[in-house]
Each structure stands twice: as C-alpha cells, then as structure tokens.
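Summary of the model geometry
Here's the letter readout for the chains.
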Amino acid sequence: MNYVSTRGFAENNVSSAEAIKRGLAPDGGLYMPETMPKFGAEFIKSLIPLSYAERSSAVLSAFLTDYTKEELLTDAALAYAEEKFGPSPAPVSSLHDMHVLELWHGPTCAFKDMALQLMPRLFTRALKKCGEDKTALILVATSGDTGKAAMEGYRDIPGTKIQVFFPTDGVSRVQKLQMQTGEGENVSVMAIRGNFDDAQTGVKRIFSDASIREELAKNNIFLSSANSINWGRLVPQVAYYVSAYCDMVASGAIRMGEEIDITVPTGNFGNIFAAYIAKLCGLPFHHLVCASNRNNVLTDFLANGVYDRNRPFMPSISPSMDILISSNLERLLYLVCGADRTANYMKALSENGSYKLTDADFAKIKETFVGYYTTEEQTKETIRLIFQKENYLIDTHTAVAAHAAAQYKSIYKAERKMLTVSTASPYKFAKDVLNALDPSKDIDGLEALEALRSATATEIPAPLSGLDRKSVRFSTIIDKDEMADAVMKFAAN
Ligand SMILES: *Cc1c(COP(=O)(O)O)cnc(C)c1O
C-alpha cells in the first residue's frame, strides 16, 4: 500500500516505511494511505480470541504492507509487554450509561504510550528498510505528556537519540518530575524559560535551519520528530478502536455488527482521527463526538464550518488539550475534499489563521462528527459525580469527554452504546482531580498523589508511585535562543 501527501504536490507513492521515516511530506502535507483496507465481520471475529499485541499487529499489517507480519508481531509484543502495560493494555470498563476505553495503563500513564511504545520500533525498521545509516535525532517540544512518553519509547533504541524541551513553568509538577528523572543513555531533557509556543517555535526553527542540518550531517545525524503528524503514531491508535469493539462484543455489551458512538477528548485531532480511520475500514461506528475544553476551536468548527484560531489561548486543567491548531484535521479534510482544496484551506490557515469550508465539505464532515466543549467547572463536577455515582475515578481530560458524551446523549437521544475514551490516569493530574472531589483541598506535587489515594481508596499507578525514589538527572534550564546550541552539543556527544 502506498502513501500520498494530503497536499498532493510531493512525488506520489512512497512506501509506509518511507512515510514513517520522513514524518512530514516534502510539500508540508501529511502522509495518508492511498486506499483503506477493509475490516469485515469475519476479520473482527477472528481477532476476538487474540491478545492485544496480536490484534494490534493484525491491524498494523493491513496498513504497513512493506513490514512483514513477523516483524509487526515481534514489535507489538515487545511494545505492549506485561511489564509495561500490565495484563491488559487497553481494557474497556463498563459503567451504567457508558463504556470507557482506558488507554493509560502504559509506562507514563497517558494514552501517548499506546503509540510511542510501538512507533520507535517501526521507525528503526523504517531506517533499515530505506537504507538510512545515519543516527536519527528526535526533537520534541512538549507541554507534558508527549515528552515523557517519547523519552520512554525511544530510550536505548539503537540508531536514535532523543532530546526534549519543555516550558519550565508550563507543565504539572508530576509531569516535570517524570521527565527530569528519565532514564536511557540516548536521552536529553531541558527546560526552557518561556511558554510551550517558545519551545515549539524553537524546535521548528531548528528543523528548518539548513546550516544546522549540514553541521549535524557531518556527525552522521539527521533530525526527526515524534509528533502525531507522523503516520507511525496514528496507525497504532487505529488498533485500539478495533480491539475495544472486539472486547465489547466478547463481553456481551453489544452484538457483532451493532453500531456504537465514540467520544474522544481532543487536542491535536490524532486520537479521534484514528477512530475515523477504523470507521472507514468498516467498524460500525456511528457518530464520533469531539470533546474540547474551553479552547473550543473545534467545537465552533463543527458547529459552523469555520476554523478560526484567532482567539486567546486559555490554560486549563486539561492541559494536554490546550491547543489552537489541530494538525491532524488536515487529514480529515484530505479525505473529504481531496488534496487541492486541502492545500487551499491550509494556505488560508497559515495566512489568516482561519478558513471556511464549502457547504458540501461541511455537510460531509457533519455526517460523522459532532462537537461539544466542557467548561472548567463542568469538568470538575463530572469527576465528582462519576466518582459518587459509579465509584469510578477519571482524570480531567476524560471528564471533558464524559461531559460531552452526556450532552450528546441528551440532545440526540440515541439508543446506541457510547464508548468514551479515557486518555490519562487520574493520578497524572492528581492536584486538580483531588480539588474536584473536595474543593477545600489544594495540594500539589507528589503529596497530591498520596492525598488522592487516601481520599478515594484507589491505587497509585506504579510508574508514579516510584517517582519520589528516583533521582533528578536533568535540571538544566536554558533560554530559548540557546536551544540550537544545546542540540549541537547533544548531537556531538
Ligand atoms: C494528547 C492528549 C490528548 C489529546 O489527544 P489528540 O490526539 O492530540 O487529540 C487528550 N488527553 C490526554 C491526556 C493527552 O495526553
């Protein structure tokens, strides 16, 4: 199966390995499979008795046709090993009025692990398949979850080095400690004096600086990214939607072939887009509900067909969804209206910060996608109510989705079962979860973990409970104009 750019100008027909190696297409577009595989009822039934790694590799091999089945199974088995994800990497928990797909059982307690444990393995194979002998230096700017998940995924992976930049005051205490205590010989992390945009802009500048690239090439190094623009990060996410459907059939929650709706807490539009891919492959998914926090650019887009990023950026208690440009939306546009119009919309976005869909394009998107947003107060209330009613503890991002799912149900009155995606352990955002349960409590850092445990009689996930025993390895703070130097230094050692 070949991959093409969403903007259509690049030379067509790269292999999946080439698409994963490159990340971004040369014309600035994102890679998409030229055709969609079909997952019929027989295929889905055949996956039901299998392990998560087996299900995942079966889905992957339909997309990554230049990888062998053995390669994909080996990689998935290592990525989703029990030491890393426990006995069940992506379980579905059933509450009274919804089913919850828990994607945070991996080593960093957020859903990014589902892709970032597997993608580095696909990536090193891609380098081999493409005859690339240089070392890949993966640069990451992070607002929290991606940085730590990428560090865990790439640590000690041969042929790679990984360097992460985070805003020194822009991540939670738990997130900061997770990164500063990271392990691995090929890892570097630094804090930036500035905000997430400064870190992101700095990384983009390094990527587009030809003199840096030349200098690095002398050390036999090239730059690459672990961002969700890379197809290698999206395709492992398709697998968990297929797996969740298998689990719901197996538990008797639904009949084989029964339609369900899915609600996804959304930032960069990667996770919900993976659900859409699964739907295009034949999974019986009816509506996909796009849940946003108060950065509700996607809610407006799905209500009126206008994408407009010209609005203030608002920090929230669900920070991994604080985003004004959802990169993977470009892939949806490509499927709906083709490369030419996608390129025009993206040009308008970069020139004016906004674009308006044609009526026909908007109508197609609305067939599947519905959007709601959740305020900060509603987020906290949802955490409290679900804990009281169900004795089930959710994090702030999942609460945004649970509230949106309830809104959808009250408006559409659909009989279909709802699958709500849970993207982080409540302990990763312990301070705000605790405050939601008991507004008199305002405790930060590792003490919040213990306080949340005793307030709810739930377990602290092992990767977080061990944090206080780990030593801080990375405490350097630099100015944003020192980033390029830091990269050159790390590349040379
Ligand atoms: C990254 C992230 C999201 C947003 O996912 P996208 O694929 O960017 O839409 C939601 N919740 C958590 C906890 C995350 O880390």
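Coordinates for the structure precede this section.
First, a word on what this report is: a plain description of the structure on this page. (Residues numbered from 1 in each chain as written. Predicted model: local features only at pLDDT ≥ 70, side-chain atom pairs only at ≥ 80, totals over all residues. Heavy atoms only, no water.)

Here's the deal with the site of the ligand
Using the following cut-off: Proximity criterion: a residue is near a molecule or strand once any of its heavy atoms comes within 4 Å of it. Side-chain atoms alone can form a polar contact between residues adjacent in sequence; in general such a contact is a pair of N or O atoms within 3.5 Å, and within protein one must be able to donate a hydrogen while the other accepts it. Each accessible area is a Shrake-Rupley result for a 1.4 Å probe, and residues are judged covered by the shown protein chains and nothing else. Three classes are used: nonpolar for Ala, Val, Leu, Ile, Met, Phe, Trp, Tyr, Cys and Pro, charged for Asp, Glu, Lys and Arg, and polar for all others, with Gly counted as polar.
The immediate surroundings of the ligand are formed by 15 residues, with Lys112, Asp145, Gly267, Asn268 and Thr423 found nearest. Within the side chain of Asp145, an N or O atom sits 2.7 Å from an oxygen atom of the ligand. Taking Gly270, its main chain carries an N or O atom lying 3.2 Å from an oxygen atom of the ligand. Its free accessible area being 390 Å², the ligand has 96% of it covered by the protein chains. Residue classes in the shell around the ligand are distributed as 5 nonpolar, 8 polar and 2 charged.

With respect to the packing of helix 17 (residues 376-390) against helix 19 (residues 430-437)
Short version of the rule: Lines fitted to the C-alpha atoms define the axes, with helices restricted to the stretch that makes contact. Angles between their N-to-C directions range from 0 to 180 degrees. Only runs of H or I of at least four residues qualify as helices and only runs of E of at least two qualify as strands under DSSP, and these elements are numbered from the N terminus. Should an angle lie under 35 degrees it is considered roughly parallel, over 145 roughly antiparallel, and from 65 to 115 roughly perpendicular; all remaining angles are considered oblique. For any helix crossing, the convention is left-handed if the near helix is rotated counterclockwise from the far helix by under a right angle, and right-handed if that rotation is clockwise. Contact criterion: two residues are considered in contact whenever any of their non-hydrogen atoms come within 4.5 Å of each other.
The geometry of helix 17 relative to helix 19 is characterised by a closest axis approach of 8 Å and an angle of 70° between their N-to-C directions. Judged by the inter-axis angle, helix 17 sits roughly perpendicular to helix 19. Judged by the sense of rotation from one axis to the other, the crossing of helix 17 with helix 19 is right-handed. On helix 19, the residues that touch Lys380, Ile383, Arg384 and Phe387 of helix 17 are Val433, Asn435, Ala436 and Leu437. The residue makeup of the contact of helix 17 with helix 19, split by class, is 5 nonpolar, 1 polar and 2 charged.

Re the nonpolar core
This is how the line gets drawn: What is meant by a nonpolar core is a set of buried Ala, Val, Leu, Ile, Met, Phe, Trp, Tyr and Cys residues, joined one to another through side-chain atoms within 4.5 Å. Throughout this description, buried means an accessible area under 20% of the type-specific maximum (1.4 Å probe, protein chains only), exposed means over 50%, and partly exposed covers the range between.
Judged by nonpolar contacts, the single largest core of 108 residues is most densely connected at Phe63, Leu64, Tyr241 and Tyr355. Among the elements that take part in this core, helix 12 (residues 231-250) stands out by supplying 13 residues, more than any other. In contact with Phe63, not counting residues within four places along its chain, are Met1, Tyr3, Ser16, Pro33, Met36, Pro37, Phe39, Trp231, Val235, Val238, Ile277 and Cys281. Counting residues in hydrophobic clusters, the runner-up holds 37 residues, among them Met98, Val370, Ala451 and Ile460.

Some thoughts on the pattern of salt bridges
Pairs can form between side chains of opposite charge whenever their charged atoms are close. Spelled out, the test is: Between Lys or Arg on one side and Asp or Glu on the other, a salt bridge is scored when a side-chain nitrogen of the former is within 4 Å of a carboxyl oxygen of the latter.
Counted under the stated rule, the structure contains 27 salt bridges. Between Lys470 and Glu183 there is a salt bridge, with its nearest N and O atoms 3.2 Å apart. With Lys470 in the loop between helix 21 (462-465) and strand 15 (477-479) and Glu183 in the loop between helix 9 (173-180) and strand 7 (187-193), the pair connects residues that are 287 residues apart, well separated along the chain. Residue Lys470 is classed as partly exposed on the basis of its relative accessible area, which comes to 36%. By relative accessible area, Glu183 is classed as partly exposed at 35%. Close ionic contact of Glu258 with Arg255 constitutes a salt bridge, the shortest N to O distance being 3.9 Å.

A few points about the sheet that holds strand 15
Inclusion rule: Only strands joined by at least two bridges in the DSSP assignment are considered to pair.
Reading across from one edge, 8-5-6-7-15 is the order of the 5 strands in this open sheet, with parallel pairing throughout. With partners counted over all chains shown, the strands left at the sheet margins are strand 8 (221-225) and strand 15, one partner each. Averaged over neighbouring strand pairs, the angle between their axes works out to 30° when direction is ignored. Against the sheet, helix 8 (residues 145-154) engages strand 5 (135-141), strand 6 (160-167) and strand 7, with an angle of about 165° to strand 6.

Some thoughts on the state of the cysteines
Here is the rule: Our working definition of a disulfide is a cysteine sulfur pair at a distance within 2.5 Å.
As enumerated under the stated definition, the model contains 0 disulfides in all. Cysteine Cys337 shares no disulfide, and the gap to the nearest cysteine sulfur, in Cys290, comes to 18 Å. Owing to a relative accessible area of 14%, Cys337 belongs among the buried residues under this scheme.

Regarding the pairing of strand 7
The side chains of a regular strand alternate, first on one face of the sheet and then on the other. Where we set the bar: Note on handedness: a clockwise path from strand one over the helix to strand two, with the strands aimed away from the viewer, defines a right-handed crossover.
Burial runs high along strand 7: 6 of the 7 residues are buried. Following the backbone out of strand 6, through helix 9 and into the adjacent parallel strand 7, one traces a crossover that is right-handed. Both strand 7 and strand 15 contribute to a ladder of 3 bridges, which runs parallel. Residue Ile192 lies in a different strand from strand 15, and its bridge partner there is Ile478.

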